[in-house]
Amino acid sequence: MIEQRLSEQRGLGDHGWLHSRHTFSFASYWDPKQVGFSDLLVINDDQVAPGRGFGAHPHSNMEIISYVLEGALEHKDSMGTGSVIVPGDVQLMSAGSGVTHSEFNHSGDENVHFLQIWIVPSETGTKPGYQQVSVAEAEKRGQFRLVVSPEGDNGSLTVRQDMKIYAGFFDGAEQATFDLDPDRYAYIHVARGSIKVNGIEFRTGDGARIRQEDKLTFTDGDQAEVLLFDLRPVEVNHPSR
């Protein structure tokens, strides 16, 4: 079963310097039917104005992933980490027992466009940590490249949960078939472009909950960038935020 959720059905947060679309309930956007899916709690599609950003603020017991689509995102945290991530980079901050961080647009004249993804961890109160990896577009071109996994396989970032994230680029004749365990769940998010999944058309910002499917076929991509989440078969794992 593929339960599609269109881009325009997402929540909207417009704060002038920040334009955000919320796949799941977040901040002032609340929909009791959209409170995450399995351990996937948040997908925020954020665009931040030049020189602006999120000041220092705390998190705990959450795996927080940043995936940059355009521009450059500057990160600082209470662990002493400072970095700038650009398209191709994936960042994972394990908040654990508690961490404070800030995120700013590194540019003074261009927007930064990124996805912030929250994963509910399998353990609480763990030591905070920071990871970052750069994956070349060629490794994602016409196929899905593992970027986050429990064991850090294939150079991916290590997440504290039984889930995986794959990223792929598809254009023109490029296509891929992804085998799923029908006893697990999956979620797809089209970050940009358009593509067909099992014959269903998806456009920028569209996503879908997937249950009881053993195969996903991706065809007819038009400059598509897609994230694929392999998740535990639980409906919602929704802690207080």
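Here, every reference points to the structure presented above.
This section reports on the structure supplied with the text. Because the structure is a prediction, the values reported are computed rather than measured.

Our focus in this paragraph is the layout of surface pockets. Estimated volume of the largest pocket: approximately 250 Å³. Along the wall of the largest pocket there are 18 residues; nearest its centre are L18, F26, N44, D46 and F54. Contributions of two or more residues to the lining of the largest pocket are made by β3 (18-22), β4 (40-48), β5 (53-59) and β11 (112-119). Considering every element that reaches the lining of the largest pocket, the biggest residue donor is β5, with four residues.

Here we take up the environment of D181. With respect to the helices and strands, the residue D181 is situated in the loop between β16 (176-179) and β17 (185-197). With relative accessibility at 39%, the residue D181 sits in the partly exposed group. When the C-alpha atoms of D181 and Q143 are compared, they prove to be 18 Å apart, with 38 residues separating the residues in sequence. Within the structure, the side chain of D181 is placed 2.9 Å from the backbone nitrogen of D183, a separation counted as a polar contact.

Most of strand β6 (residues 63-70) sits out of view: seven of its eight residues are buried. Pairing between β6 and strand β9 (residues 89-94): five bridges, direction antiparallel. In the strand pairing of β9, I65 is matched with L92. Pairing of β6 with β11 involves seven bridges; the strand directions are antiparallel. Its bridge partner lying in β11, Y67 is registered against L115.

Cut-offs and rules
- Residues numbered from 1 in each chain as written.
- Predicted model: local features only at pLDDT ≥ 70, side-chain atom pairs only at ≥ 80, totals over all residues.
- Heavy atoms only, no water.
- 1 Å grid on protein atoms, 1.4 Å probe; cavity = no way out; pocket = protein on both sides within 12 Å on 5 of 7 lines; lining within 4 Å.
- Points joined across faces, edges and corners; volume = space filled by probe spheres on them.
- Helix = DSSP H or I, 4+ residues; strand = E, 2+ residues; numbered from the N terminus.
- Buried < 20%, exposed > 50% of the residue type's maximum accessible area, 1.4 Å probe, protein only.
- Polar contact = N/O pair within 3.5 Å; in protein donor to acceptor, adjacent residues only side chain to side chain.
- Pairing = 2+ DSSP bridges.

Functional significance is not addressed by these values, which are geometric in nature.
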